[in-house]
Amino acid sequence: MVAKLNFQSLQTCLVLIYMFTSSTMSITLPPDLKDKIQIDPDAIKAASTDYGHIVTQTPAGVLFPSSVEDLKTLIGFSFNSSVPYTIAAKGWGHSVHGEAMATNGVVVEMPSLVKNSNRIVIGGDKASGFYADVGGEQLWIDVLNATVQKGLTPVSWTDYLYLTVGGTLSNAGISGQTHLRGPQINNVYELDVVTGKGELVTCSKQANSELFYAVLGGLGQFGIITRARIVLEPANPRVKWFRLLYTDFDTFSEDQETLMSVNESPQFPNYLEGQLLMDPNSLDDYPPEDRPRIASLIKQYGILYVLETATYYDVGTKHSVNKKLHQLFKSLSPLANIYTRDVTYVEFLNRVHTDELILRQKGLWDVPHPWLNLFIPKSGIQAFNNGVFKNILLKQNFTTSIVLVYPMYRNKWDDNMSAVIPDEEIFYTAGFLDASGFDNWQVFDNKNKEILEFCDKAGIKVKKYLGFHDSKGEWINHFGSKWKTFQDKKNQFDPKKILSPGQKIFN
Ligand SMILES: Cc1cc2nc3c(=O)[nH]c(=O)nc-3n(C[C@H](O)[C@H](O)[C@H](O)COP(=O)(O)OP(=O)(O)OC[C@H]3O[C@@H](n4cnc5c(N)ncnc54)[C@H](O)[C@@H]3O)c2cc1C
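Residues numbered from 1 in each chain as written. Predicted model: local features only at pLDDT ≥ 70, side-chain atom pairs only at ≥ 80, totals over all residues. Heavy atoms only, no water.

As recorded by an unreviewed UniProt entry, the chain carries the name cytokinin dehydrogenase and is attributed to Acer yangbiense. The record held by UniProt for the chain lists under Cofactor (unreviewed entry) the comment "FAD". UniProt, in its Sequence similarities (unreviewed entry) section for the chain, records the words "Belongs to the oxygen-dependent FAD-linked oxidoreductase family." (UniProt positions renumbered as here; feature names shortened; annotations may be inferred.)

So, in structure tokens, the structure goes:
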């Protein structure tokens, strides 16, 4: 890749601009940003890959912005150019199929904005509600640390917190709190967005609502989120955390739905998830004394189902929470309670980071991640268990996969937003979170295709979450009745199809 000088136009009095030439085409970039756009091999390499390690796309340059103005300049210049270049905001690149990449375009390293002060500001009051004004580049772990210091917290999370606010709000942001509080996109008051025309717009449900709804779950298609006003509430300092073991899927899912339907004030349990246990050799997360028994149950049943739930409390509510949980657990039918922990709130929310450190140490973090995340309507979940968990995973020996499965309510989502979910009041998410070698990720990818084919044949109307689709037709199918609105808003806010080309929806 070569950087060379060029003259833009006589109208602008022969202003010097930079032109970046890649193997296939040249792009002209704004001269004002020449010191902030890098083309050195390290910057290009880092922007050409992601957590998936499956897709590689080479940009022409990488912008390290120091202000929101830089984003306006970059996008505005492309929008006004006769040959626009594509632009992808990159949070922490935790996508798995190149969603934050831009072939021959410009990748924006959003974390570069972190250097500015005041990018997490807490405001509001008890009467009108608290909030945090947070830069789109901020990590949720930093939002957590800043808010708990003031006794406050966001209400909806992802399992892993080293993800950016802009990155998760472009998808949905789901975790064990979603059944109660909705996804992260439902817990935002206001956004600042630099649109595909290079205009900075403040939007909310009340002002510029079309942009607000489009951007939330909008896969980066309508603008770059530079600030999000996140809903906060008082934080409880401690968490009671349980895992209940099941050998039978129907009992497991019935109990999940029982927990989800608890209708009390204050609402609880605060967190509800579930996962499969299929590998007797991967029980490091469980107390050593329980491991032999769990391992022998896995050998006997093939799959065990682990319901995971947690409730937040403080000194004042400790006893009443204990009593309520005791009562509630009486209505459940697990084989055993295999895990009871009492931890701090931060320790609980940041639990996946502990696994990350172990995997990094073993060299198993920066490897391919052929993931598949689905939303499955409740009417199909039993067939999904038989056809996918038992007949594909177990029979074909995909037993080392991390597989999450838990339910949520459709009415906790806002259908005006771009995120797409199944058309039933209760639906489940299933996450197949495989890590593989560089030479065999296709084996897992083929297994994922087989899962989708099974659902198609069985008539289970699943929706992909964090999904990539191979063709525009598949995207149209994915959006279903929302496609026309999604397309209209793209024409309105990013008419030159500049933003987030790596999603491969319009590019
Ligand atoms: C270990 C791990 C655990 C995860 N756990 C969960 C989970 O529990 N729940 C969940 O919902 N997701 C989870 N995810 C998925 C995660 O939410 C998405 O991959 C998310 O996109 C990652 O954020 P990022 O900041 O790395 O975004 P990137 O991968 O950098 O970007 C993702 C997309 O968003 C766009 N984008 C990035 N920043 C902005 C911005 N400021 N404005 C507009 N568009 C932007 C990009 O262009 C791209 O299209 C997990 C991912 C990993 C790797």
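Caption draft 1: Region of the structure containing the site of the ligand. The local shell around the ligand holds 34 residues, among which Ala89, Gly91, Ser95, Thr164 and Tyr465 are the closest. Within the backbone of Ile174, one N or O atom sits 2.7 Å away from a nitrogen atom of the ligand. Contacts to the ligand include Ile225, whose backbone N or O atom sits 2.8 Å from a nitrogen atom. In isolation the ligand offers 960 Å² of accessible surface; the protein chains occlude 95% of this area. For the shell around the ligand, the class distribution of residues is 15 nonpolar, 16 polar and three charged. (Near = heavy atom within 4 Å. Polar contact = N/O pair within 3.5 Å; in protein donor to acceptor, adjacent residues only side chain to side chain. Areas by Shrake-Rupley, 256 points an atom, 1.4 Å probe, with all protein chains shown as cover. Nonpolar A, V, L, I, M, F, W, Y, C, P; charged D, E, K, R; others polar.)

Caption draft 2: Quick peek at unusual backbone geometry. In this chain, Ser265 is followed by Pro266 through a cis amide linkage whose omega measures -5°. In this structure, Pro266 sits in the loop between helix H7 (249-260) and strand S15 (271-277). Along the chain, Phe268 connects to Pro269 via a cis peptide bond; the corresponding omega equals -15°. Here Pro269 is to be found in the loop between H7 and S15. Residue Leu219 is not a glycine yet carries a positive backbone phi of 55°. Of note, Leu219 is situated in the loop between helix H6 (209-215) and strand S13 (223-234). (Helix = DSSP H or I, 4+ residues; strand = E, 2+ residues; numbered from the N terminus.)

Caption draft 3: Geometry of the sheet that holds strand S7 (residues 106-109). On the basis of which strands lie adjacent, the open sheet formed by four strands has the order S4-S5-S7-S6 and mixed pairing. Strands at the two margins of the open sheet, each flanked by one partner only, are strand S4 (37-38) and strand S6 (87-90). The pairing of strand S5 (residues 61-63) with S7 spans three bridges and is parallel. Each residue of the ladder has a partner; that of Leu63, found in S7, is Val108. (Pairing = 2+ DSSP bridges.)

Caption draft 4: Representation of helix H15 (residues 483-493). Inspection of H15 places Trp483, Phe486, Lys489, Lys490 and Phe493 among the buried residues, and these make up the whole buried set. For H15, the angular spread of buried residues about the axis comes to 135°, placing them on one side. The inward-facing, buried residues of H15 contact strand S11 (188-195), H6 and helix H14 (472-479). (Buried < 20%, exposed > 50% of the residue type's maximum accessible area, 1.4 Å probe, protein only. Arc of directions from axis to C-beta. Contact = heavy atoms within 4.5 Å.)

Caption draft 5: Here's a closer look at helix H9 (residues 318-330). Between the first and last C-alpha of H9 there are 19 Å, a value that for 13 residues agrees with the 18 Å anticipated at 1.5 Å per step. When we look at burial in H9, the residues that qualify are Val321, Leu325, Leu328 and Phe329. One face of H9 carries all of its buried residues, which in axial projection span an arc of 95°. In H9, the exposed positions that point more than 90 degrees away from the buried face belong to His319, Lys323, His326 and Lys330. Elements in contact with the buried residues of H9: strand S14 (238-246), H7 and strand S16 (304-313). (Expected span 1.5 Å × (residues − 1).)

Caption draft 6: Highlighting the environment of Asp255. If you trace the backbone, Asp255 turns up in helix H7. Under the relative-accessibility criterion, Asp255 is labelled buried at 4%. A C-alpha to C-alpha distance of 24 Å links Asp255 and Val343, two positions 88 residues apart in sequence.

Caption draft 7: Molecular detail of the environment of Asp250. In this fold, Asp250 is placed in helix H7. Spatially, the C-alpha atoms of Asp250 and Asp142 are 39 Å apart, while their sequence positions differ by 108 residues.

Caption draft 8: Inspection of the domain arrangement of the chain at higher detail. Each assigned domain of the chain is listed with its residue range as follows: domain 1 (2-110), domain 2 (114-234), domain 3 (237-364) and domain 4 (367-468). Taken together, the contact pairs 13 residues of domain 1 with 18 residues of domain 2. Buried area between domain 1 and domain 2, both sides added, is near 1300 Å², and the carbon and sulfur share of it is 75%. Scanning the region where domain 1 abuts domain 2 turns up zero salt bridges. For the side of domain 1 that touches domain 2, the elements supplying multiple residues, two or more each, are helix H2 (68-80) and S6. (Domains from an automatic or database assignment. Buried area = accessible area lost by both parts, 1.4 Å probe. Salt bridge = Lys/Arg side-chain N within 4 Å of Asp/Glu carboxyl O.)

Caption draft 9: Main features of the side chain of Gln177. Looking at the element boundaries, Gln177 is found in the loop between helix H4 (165-169) and helix H5 (178-181). A distance of 3.5 Å separates a polar side-chain atom of Gln177 from the backbone nitrogen of Trp157. Aside from chain neighbours lying at most four places away, what touches Gln177 is Val155, Ser156, Trp157, Gly182, Asn270, Tyr271, Tyr312 and Leu349.

Caption draft 10: Highlighting the UniProt feature "domain: FAD-binding PCMH-type" (unreviewed entry) in the chain. Those places that UniProt annotates as "domain: FAD-binding PCMH-type" (unreviewed entry) correspond, in this numbering, to residues 55-235. Here residues 55-235 runs as 21% helix and 29% strand, with 40 Å between its end C-alpha atoms.

Caption draft 11: Fine view of the packing of helix H12 (residues 381-394) against helix H13 (residues 441-458). Between H12 and H13, whose axes approach to 11 Å, the crossing angle comes to 150°. One way to sum up the angle between H12 and H13 is to call them roughly antiparallel. Between H12 and H13 lies a crossing whose hand is right-handed. In this structure, H12 contributes Ala383, Phe384, Gly387, Val388, Ile392 and Leu393 to the contact, and H13 contributes Lys447, Glu450, Ile451, Phe454 and Cys455. A per-class count over the contact of H12 with H13 returns eight nonpolar, one polar and two charged. (Axes fitted to C-alpha atoms, helices over the stretch in contact; angles between N-to-C directions. Parallel < 35°, antiparallel > 145°, perpendicular 65-115°, else oblique. Left-handed = near helix turned anticlockwise from the far one by under 90°.)

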